[in-house]
Amino acid sequence: GENVEQHPSTLSVQEGDSAVIKCTYSDSASNYFPWYKQELGKRPQLIIDIRSNVGEKKDQRIAVTLNKTAKHFSLHITETQPEDSAVYFCAAPISGGYNKLIFGAGTRLAVHP
Amino acid sequence: GAVVSQHPSWVICKSGTSVKIECRSLDFQATTMFWYRQFPKQSLMLMATSNEGSKATYEQGVEKDKFLINHASLTLSTLTVTSAHPEDSSFYICSARDRKGAETQYFGPGTRLLVL
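Just so you know, these numbers come straight off a predicted model, no measurement behind them.

A.B. asks: Before we move on, could you go through the overall build of chain B and cite the residues and values that matter?
C.D. replies: Along chain B, the regular secondary structure elements total zero helices and eleven strands. Secondary structure of chain B in N-to-C order comes out as β-β-β-β-β-β-β-β-β-β-β. Against the 2.2 N^0.38 benchmark of 13 Å for 116 residues, chain B shows a C-alpha radius of gyration of 13 Å, consistent with a compact globule. Projected onto its principal axes, the C-alpha positions of chain B cover 40 × 25 × 20 Å. When burial is assessed residue by residue, chain B has 53% of its 116 residues classed as buried. Surface accessibility of chain B: about 5700 Å² in total, with carbon and sulfur atoms responsible for 52%. Chain B carries 12 positive and 10 negative side-chain charges, and their two centres are separated by 3 Å.

A.B. asks: Give me the lowdown on the overall build of chain A, citing residues and values where you can.
C.D. replies: Of regular secondary structure, chain A possesses zero helices and eleven strands. Taking 113 residues into account, the globule formula puts the C-alpha radius of gyration at 13 Å, and chain A, at 14 Å, falls close to it. By principal-axis analysis of the C-alpha atoms, chain A measures approximately 45 × 30 × 20 Å. A burial count over chain A gives 45% of its 113 residues as buried. Sequence-distant contacts, at least 24 apart, represent 53% of the contacts inside chain A between residues at least 6 apart. When the accessible area of chain A is evaluated, it comes to approximately 5600 Å², of which 47% is carbon and sulfur surface. Positive and negative charge centroids in chain A, built from 12 and 12 side chains respectively, lie 6 Å apart.

A.B. asks: Tell me what's going on with the pairing of strand E11 (residues 111-115) of chain B, and back it up with residues and numbers.
C.D. replies: All names here are of chain B. Only one face of E11 is buried, namely the one carrying Thr111, Leu113 and Val115, since none of Arg112 and Leu114 on the opposite face is buried. Here four bridges tie strand E2 (residues 10-13) to E11, and the two strands are oriented parallel to one another. Opposite Val11, over in E11, you have Leu113 as the bridge partner.

A.B. asks: Explain the sheet that holds strand E8 (residues 72-77) of chain A to me, using residue names and the numbers behind them.
C.D. replies: Each strand in a sheet pairs with another by means of backbone hydrogen bonds, the pair being arranged parallel or else antiparallel. All names here are of chain A. Spatially, the five strands line up as an open sheet ordered E1-E3-E8-E7-E6, and their pairing is antiparallel. Unpaired on one side and paired on the other, strand E1 (4-7) and strand E6 (56-59) mark the two borders of the sheet. Strand after strand, the sheet turns through a mean of 15 degrees between neighbouring axes, direction not considered. Pairing between strand E3 (residues 19-25) and E8: six bridges, direction antiparallel. By the bridge assignment, Ala19 is partnered in E8 with Ile77.

A.B. asks: Before we move on, can you summarise the interface of chain A and chain B with the specific residues and values?
C.D. replies: By convention, interface size is frequently given as the accessible area that disappears when the constituent parts associate. Between chain A and chain B, the residue contacts involve 19 residues of the former and 23 residues of the latter. Summed over both partners, the interface of chain A with chain B buries about 1800 Å², with 52% contributed by carbon and sulfur atoms. Counting across the interface, chain A meets chain B through eight residue pairs in polar contact (both at pLDDT 80 or more). Contributing elements (two or more residues each) for the side of chain A that touches chain B: strand E4 (32-38), strand E5 (45-51) and strand E10 (101-103) of chain A. Residues of the side of chain A that touches chain B, tallied by class, amount to nine nonpolar, four polar and six charged.

Cut-offs applied
Residues numbered from 1 in each chain as written. Chains lettered and ligands numbered in written order. Predicted model: local features only at pLDDT ≥ 70, side-chain atom pairs only at ≥ 80, totals over all residues. Heavy atoms only, no water. Helix = DSSP H or I, 4+ residues; strand = E, 2+ residues; numbered from the N terminus. Rg over C-alpha atoms; globule rule 2.2 N^0.38 Å. Buried < 20%, exposed > 50% of the residue type's maximum accessible area, 1.4 Å probe, protein only. Areas by Shrake-Rupley, 256 points an atom, 1.4 Å probe, with all protein chains shown as cover. Lys, Arg positive; Asp, Glu negative; His and termini not counted. Charge placed at Lys NZ, Arg CZ, Asp CG, Glu CD. Contact = heavy atoms within 4.5 Å. Pairing = 2+ DSSP bridges. Axes fitted to C-alpha atoms, helices over the stretch in contact; angles between N-to-C directions. Buried area = accessible area lost by both parts, 1.4 Å probe. Polar contact = N/O pair within 3.5 Å; in protein donor to acceptor, adjacent residues only side chain to side chain. Nonpolar A, V, L, I, M, F, W, Y, C, P; charged D, E, K, R; others polar.

In structure tokens:
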């Protein structure tokens, strides 16, 4: 079945720096890759997603890149701000219908002023 | 748009009792909803997939007789934790997909369950 690995588990940056989080997946048939942001005690919020027919997608300070050959995708946050501090999860679909998602272990991002 | 609600937001119960959690899609119809469990500082673990009008499908290791799921309408799924024990204490989160076919899952705010 699908397996998603996410690195790093924690990431600490200075305000204004960039942050990169990487995920690898195992199922070559996967075609949809969302990223979620979860603040403490709150629901996961979709921040960006990418489908397998494109290699990169950008939304203001957030971008996602996809390498289908290597089976990995990355989240890039530029000009980080303290409010970017949260846990970020990548996900990939499990084959077998219903588009079930399997989530990475999460990355705790801390942005220091 | 794409708002999902959950009720209750938190619940404390005695060991052995049952707890029902509701998940509603407020502004869209969801043929498929998902139930996750999240322990502190851990990832979201899929428990089951709830399908409107049919039986739920459970992930390996999740007891279907303990976690009863009912998806009675296109906007409501319920999860009942039966005979709850302290080890069932967790953050339960649902998500829903719009029946129009997009892959995006929208999450509810979660229900924090504490079993004493």
